[in-house]
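Now for the letters of each chain:
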Amino acid sequence: MIKENLLKIKQSIPENVTLVAVSKTKPIEDLQEAYDAGQRIFGENKIQEMVDKYDALPKDIQWQMIGHLQSNKVKYMAHFVDLIHGVDKLKTLVEINKQAKKHNRIINCLLQARIAKEDTKFGLTFDEIEAVLSSEKITELQNIKIVGFMGMATFTDDELQLSEEFSSLKNFFEAQKAKTVLKNCNLEILSMGMSGDYQLAIKNGSTMIRVGSSIFGNRNYNL
Ligand SMILES: *Cc1c(COP(=O)(O)O)cnc(C)c1O
């Protein structure tokens, strides 16, 4: 089923939208099946689990960290991670920069914006993102690159609310893109949309969707 699910989703999204297959909690065999169907971008939310899967699977996979980050664990993935979605502190960027430097790499990062009305979600307010992008410190971080923003909408069926949340981030993204002139910043990715809301996210400007259960089936526990 994984192959069929993947192909169905790929056919239903525009070419300029990147599909991240969210494989957290799923066994290696499931990831291998997706790989054999052509998928090369995988998202995980626990660093240790991602490292184990990285070690076990082909090396042309791009591994993306979509979970909330603990700074002290960044070092375990710094040699291979392709993109880190959930950055919501300048301090975390400093740590990613430090670890990336050790491996002579530049690590791509997305700043996580808080767009949901719920207060359980992580992320920065738009003002806080602007403060990060205009800080003195960020100009010193030569081993990171901020390539865009990530947002998670409220867990709701209310399409109007979801559209409002997505489009508010899209508008903010476009405004920042137009005015940000940092060497280590090239805003081109807007990561919004999961299994339940990716169509709506794409309608509202998403360029990258993070889809788990619609590809791999439901997870046994809620993460
Ligand atoms: C788990 C997760 C997803 C995927 O969720 P599905 O509803 O299974 O598609 C996307 N983004 C983040 C940040 C996640 O933690």
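Heads up: the structure comes first, above all this text.
An account of the accompanying structure is given in this report.

Procedures and definitions
- Residues numbered from 1 in each chain as written.
- Predicted model: local features only at pLDDT ≥ 70, side-chain atom pairs only at ≥ 80, totals over all residues.
- Heavy atoms only, no water.
- Helix = DSSP H or I, 4+ residues; strand = E, 2+ residues; numbered from the N terminus.
- Rg over C-alpha atoms; globule rule 2.2 N^0.38 Å.
- Buried < 20%, exposed > 50% of the residue type's maximum accessible area, 1.4 Å probe, protein only.
- Contact = heavy atoms within 4.5 Å.
- Areas by Shrake-Rupley, 256 points an atom, 1.4 Å probe, with all protein chains shown as cover.
- Lys, Arg positive; Asp, Glu negative; His and termini not counted.
- Charge placed at Lys NZ, Arg CZ, Asp CG, Glu CD.
- Near = heavy atom within 4 Å.
- Polar contact = N/O pair within 3.5 Å; in protein donor to acceptor, adjacent residues only side chain to side chain.
- Core = buried A, V, L, I, M, F, W, Y, C linked by side-chain atoms within 4.5 Å.
- Arc of directions from axis to C-beta.

Helix and strand counts for the chain come out as 8 helices and 8 strands. Relative to the 2.2 N^0.38 estimate, which gives 17 Å for 223 residues, the radius of gyration of the chain is 17 Å and therefore close to what a compact globule would have. Across its three principal directions, the C-alpha atoms of the chain cover 50 × 45 × 30 Å. Taking all 223 residues of the chain together, 52% fall into the buried category. Within the chain, contacts between residues separated by at least 24 positions form 60% of all contacts whose residues are at least 6 apart in sequence. Within the structure as shown, the chain displays about 11,000 Å² of accessible surface, and the carbon and sulfur contribution to it stands at 49%. Charge-centre separation for the chain: the mean point of 29 positive side chains lies 5 Å from the mean point of 29 negative side chains.

So, on to the site of the ligand. Around the ligand, the neighbouring residues are Val22, Lys24, Ile66, Met150, Met152, Met194, Ser195, Arg210, Val211, Gly212, Ser213 and Arg219. Backbone polar atom of glycine 212 to an oxygen atom of the ligand: 2.8 Å apart, as the coordinates give it. Here an oxygen atom of the ligand and a backbone polar atom of serine 213 are 2.8 Å apart. Coverage of the ligand by the protein chains reaches 91% of its 390 Å² of free accessible surface.

With that out of the way, let us pick up the nonpolar core. Leu93 and Phe149 are the most contacted members of the largest nonpolar core, which has 64 residues in total. Sorting elements by how many residues they give to this core places helix α6 (residues 159-179) first, with 5 residues. Residue contacts for leucine 93: discarding those within four places in its chain leaves Val87, Cys109, Leu111, Val132, Ile138, Leu141, Ile144 and Ile146. The next biggest cluster of nonpolar side chains, apart from the first, holds 8 residues, and it includes Leu83, Val147, Met150 and Ile189.

Looking now at helix α2 (residues 28-36). Along α2, the positions that sit buried rather than exposed are Asp30, Leu31, Ala34 and Tyr35. With its buried residues spanning 145 degrees around the axis, α2 presents them on a single face. For α2, the exposed residues set more than 90 degrees away from the buried face come down to Glu29 and Asp36. Against the buried residues of α2 lie α1 (2-12), β2 (41-44), α3 (47-56), β3 (62-65) and α8 (213-216). Where α2 ends, the next residue or the one after it, glycine 38, has phi of about 105 degrees, a positive value.

Everything listed here is a matter of geometry and, on its own, says nothing about what the molecule does.
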